Amino acid sequence: MGDVVVVTGPPGSGKSAVGSALADLLDPSVLVEADWFFGRWRRGAVDPWLPEAAAQTAPAGRAALAATVEFARSDAWVVYDGVLQQEATRDLAVRAADAGATVHRAVLLPPVDVCLARVAARTGHGFDDPAATRAMHAAFAAEVDGAEADPAAEHAVLRDDAASPAGLATRVRDLLLAGALRAPGPVATGGARP
């Protein structure tokens, strides 16, 4: 079975660029872009970061996780690019373990001002909400602060905002191969594949 590598963080943290570069470093690899699943809603779509979107984001999120697990059955590295909080990562780890796959997790967490500037500067993305960016950044920061006190929640937190996406992807790959990205959830047996 393949391994799943979650590249997550708040908006503007560099998930998409780093996830894509990481998928290019792993062979064979699949890139699951969570935003694609949330963008399937057409008529009546609610922006997925709004609280009233829960009825739409829940099935879209489950579909993204199900696709991730199915791709992991193919003995490929599966890079999941999207906002995935710790509880959802645990759910993914349980599903993946049932399929014989291991989940690894890297949290990209540059300073909130960097995320805000990146969100404001991007074009054609659809997400430009500074309040939601601040809230998601705060949620990841709180999660990371709590995880640092919990050795069972080991994962890498990359706070470097000056590194290029390719440089961060290389760091994530190196941490992955060193076994330092174990996601919270079931205990992994066998660790990461070389």
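Residues numbered from 1 in each chain as written. Predicted model: local features only at pLDDT ≥ 70, side-chain atom pairs only at ≥ 80, totals over all residues. Heavy atoms only, no water.

Concerning the overall build of the chain
Part 1 of the reasoning: Along the chain, the regular secondary structure elements total seven helices and five strands.
Part 2 of the reasoning: Going from N to C terminus, the chain has its helices and strands arranged as β-α-β-α-α-β-α-β-α-α-β-α.
Part 3 of the reasoning: Contacts in the chain between residues at least 24 apart in sequence constitute 76% of all its contacts with a sequence separation of at least 6.
Part 4 of the reasoning: When the accessible surface of the chain is split by element, carbon and sulfur atoms take 56% of a total near 9,200 Å². (Helix = DSSP H or I, 4+ residues; strand = E, 2+ residues; numbered from the N terminus. Contact = heavy atoms within 4.5 Å. Areas by Shrake-Rupley, 256 points an atom, 1.4 Å probe, with all protein chains shown as cover.)

Structural notes on the packing of helix 3 (residues 54–72) against helix 4 (residues 86–98)
Part 1 of the reasoning: Where helix 3 contacts helix 4, the two axes come as close as 10 Å, and the packing angle between them is 35°. Note on packing geometry: the crossing formed by helix 3 with helix 4 is right-handed. Every residue of helix 4 that contacts helix 3 at Arg62, Leu65, Ala66, Thr68 and Val69 is listed here: Ala88, Asp91, Leu92, Arg95 and Ala96.
Part 2 of the reasoning: Here the contact of helix 3 with helix 4 is built from residues that sort into six nonpolar, one polar and three charged. (Axes fitted to C-alpha atoms, helices over the stretch in contact; angles between N-to-C directions. Left-handed = near helix turned anticlockwise from the far one by under 90°. Nonpolar A, V, L, I, M, F, W, Y, C, P; charged D, E, K, R; others polar.)

Some words on the sheet that holds strand 3 (residues 77–81)
Part 1 of the reasoning: Across the sheet, which stays open at both edges, the five strands sit in the order 2-3-1-4-5 with parallel pairing between neighbours. Both outer strands of the open sheet, strand 2 (29–33) and strand 5 (156–158), are each paired with one neighbouring strand and no more. Averaged over all pairs of adjacent strands, the angle between strand axes in this sheet comes to 20°, irrespective of strand direction.
Part 2 of the reasoning: Pairing of strand 4 (residues 103–108) with strand 5 involves three bridges; the strand directions are parallel. Bridging across to strand 5, Leu108 finds its partner in Leu158. (Pairing = 2+ DSSP bridges.)

What to know about the packing of aromatic side chains
Part 1 of the reasoning: For the coordinates displayed, the defined rule picks out two aromatic pairs.
Part 2 of the reasoning: When the centroid spacing of 5.0 Å and the interplanar angle of 85° are considered together, the rings of Trp36 and Phe37 count as edge-to-face.
Part 3 of the reasoning: Accessibility expressed as a relative area gives 48% for Trp36, which makes it partly exposed.
Part 4 of the reasoning: Its relative accessible area of 16% is what places Phe37 among the buried residues.
Part 5 of the reasoning: On the basis of an interplanar angle of 90° and a centroid distance of 4.5 Å, the ring pair of Trp49 and Phe127 is categorised as edge-to-face. (Phe/Tyr/Trp six-rings, centres within 6.5 Å; stacked < 30°, edge-to-face > 60°. Buried < 20%, exposed > 50% of the residue type's maximum accessible area, 1.4 Å probe, protein only.)

Quick word on helix 7 (residues 165–177)
Part 1 of the reasoning: For helix 7, built from 13 residues, the straight-helix expectation of 18 Å at 1.5 Å per residue is met to within 8% by its first-to-last C-alpha distance of 18 Å.
Part 2 of the reasoning: Buried positions along helix 7 lie against strand 1 (4–8), helix 1 (15–25), strand 3, strand 4 and strand 5.
Part 3 of the reasoning: Taken from the residues just after helix 7, Gly179 is the one with a positive phi, measuring 80°. (Expected span 1.5 Å × (residues − 1).)

With respect to the nonpolar core
Across soluble globular proteins, nonpolar side chains have a tendency to be buried as a group.
Part 1 of the reasoning: In terms of nonpolar packing, the biggest core is built from 23 residues, with Val4, Val6, Tyr80, Leu92 and Val103 touching the most fellow members.
Part 2 of the reasoning: Elements supplying a minimum of two residues to this core: strand 1, strand 2, helix 2 (34–38), helix 3, strand 3 and helix 4.
Part 3 of the reasoning: Take this core: its biggest share by element is six residues, from helix 3.
Part 4 of the reasoning: Residues contacting Tyr80, with those up to four places away along its chain left out, are Val5, Val6, Val7, Val32, Ala34, Ala64, Leu65 and Thr68.
Part 5 of the reasoning: Membership of the second largest hydrophobic core comes to 18 residues, among which are Val5, Val18, Leu158 and Leu168. (Core = buried A, V, L, I, M, F, W, Y, C linked by side-chain atoms within 4.5 Å.)

Structural notes on unusual backbone geometry
Part 1 of the reasoning: Each neighbour pair has its own omega, and for Asp27 with Pro28 the value is -10°, a cis peptide bond.
Part 2 of the reasoning: Within the secondary structure, Pro28 is located in the loop between helix 1 and strand 2.
Part 3 of the reasoning: A positive phi angle, close to 65°, is found at Asp75, a residue other than glycine.
Part 4 of the reasoning: Assignment of secondary structure puts Asp75 in the loop between helix 3 and strand 3.

Brief notes about the layout of surface pockets
The rolling of a water-molecule-sized probe over the atoms marks out the regions of remaining empty space.
Part 1 of the reasoning: By volume, the largest pocket is sized at about 1,100 Å³.
Part 2 of the reasoning: Lys15, Asp35, Phe38, Val83 and Met136 are the residues nearest the centre of the largest pocket, which is lined by 49 residues in total.
Part 3 of the reasoning: Secondary structure elements with two or more residues in the lining of the largest pocket: helix 1, helix 2, helix 3, strand 3, helix 6 (130–147) and helix 7. (1 Å grid on protein atoms, 1.4 Å probe; cavity = no way out; pocket = protein on both sides within 12 Å on 5 of 7 lines; lining within 4 Å. Points joined across faces, edges and corners; volume = space filled by probe spheres on them.)

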